[in-house]
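So the chains spell out like this:
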Amino acid sequence: MDGPAVQYGRSAFDGVEVTIQVNVEQVLTSRNCGGGSSGGELGDVTGDGYVDIVAIERTGDMYVYPGNGYSFNARYWVRSGWTGLNTAVGDVTGDGIADIVAVEGNGNMYVYPGNGYSFNARYWVGNGWNGLSVNLGNVTGSAAADIVAVDGNGNMYVHPGNGYSFNARYWVGNGWNGPVIA
């Protein structure tokens, strides 16, 4: 299959095929995920209250499949150049529109703020993020997404979001090198 691979989280369904019918012309499956890059993530990119799919093809092209409350509408192209990045989707800025966090191979983390259709120019958040499994979610109950990160030793940390970047981490526990965080 030549389309983007979609999964809920970067490795949640490794080895298990997950299929989503987006429209009659295209079916997305998690089995086709490219290495080193997120196949796809869920978030409200359009700000309409419906979850959308952010899908990255192996070529590095990013597409959004807008949700409609029942299924997903036809995709639209957002931008290219997304190969080799560890990505997560969530509302970092707390404005109700999904943003993207991207970690480059050198460990630099950037936020691409959502604008209701695609994503604005990135800004640098910090470095030292290589080797971590990075996921976004609202752990602390604030308006902004927090990072849940797991290191190679299975230690889990929460980095509370502050609406622009992330505050100092706190340790949650260890033993997370077996379970997959989706």
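This structure is a prediction, so every number in the text was calculated from the model and none was measured.

Caption draft 1: Focus on the pattern of salt bridges. In total, this model carries 2 salt bridges according to the counting rule given. The partner of Arg75 in a salt bridge is Glu57, with the nearest N and O atoms 2.9 Å apart. Note that Arg75 is positioned in the loop between strand S5 (62-65) and strand S6 (76-79) and Glu57 in the loop between strand S4 (52-56) and S5, a separation of 18 residues in sequence. Exposure remark for Arg75: the relative accessible area of 30% places this residue in the partly exposed category. By relative accessible area, which is 14% here, Glu57 ends up buried. Measuring nitrogen to oxygen at the nearest pair gives 3.0 Å for the salt bridge that ties Glu104 to Arg122. One end of the pair, Glu104, is in the loop between strand S8 (99-103) and strand S9 (109-112); the other, Arg122, is in the loop between S9 and strand S10 (123-126), and 18 residues separate them in sequence. The exposure class of Glu104 is partly exposed, given its relative accessible area of 22%. A residue is classified by how much of its surface remains accessible, and Arg122, at 38% relative accessible area, is partly exposed.

Caption draft 2: Geometry of the packing of aromatic side chains. On inspection of all chains with the given rule, the structure shows 3 aromatic pairs. Taking the centre distance of 4.2 Å and the plane angle of 10 degrees together, the rings of Tyr76 and Tyr117 count as stacked. Of the two residues, Tyr76 sits in strand S6 while Tyr117 sits in the loop between S9 and S10, which places them 41 residues apart along the sequence. Its relative accessible area of 13% is what places Tyr76 among the buried residues. Taking the relative accessible area as the measure of exposure, Tyr117 reaches 48% and is therefore partly exposed. Ring geometry for Trp82 and Tyr112: centres 4.8 Å apart, planes at 55 degrees, overall tilted. A residue pair is termed long-range when its members are at least 10 positions apart, and Trp82 in the loop between S6 and strand S7 (86-90) and Tyr112 in strand S9 qualify at 30 residues.

About the criteria used
- Residue numbers here run from 1 along each chain, matching the order of that chain's written sequence.
- Under the rules for a predicted model, residues below a pLDDT of 70 receive no local features and side-chain atom pairs below 80 are neither given nor counted, while totals for whole chains, interfaces and linings still include all residues.
- With hydrogens and water stripped out, all remaining heavy atoms of the structure feed into the side-chain values.
- Put simply, a salt bridge is a Lys or Arg side-chain nitrogen that is within 4 Å of an Asp or Glu carboxyl oxygen.
- Helix and strand definitions here come from DSSP, where helices need a minimum of 4 consecutive H or I residues and strands a minimum of 2 consecutive E residues; each element is numbered from the N-terminal end.
- Per-residue accessibility, obtained with a 1.4 Å probe over protein chains only, is compared with the maximum for each type, and a residue is labelled buried under 20%, exposed over 50%, and partly exposed between these values.
- Here a pair means two rings of Phe, Tyr or Trp (six-membered ring of Trp) with centres within 6.5 Å. Their orientation is stacked below 30 degrees between planes, edge-to-face above 60, and tilted elsewhere.

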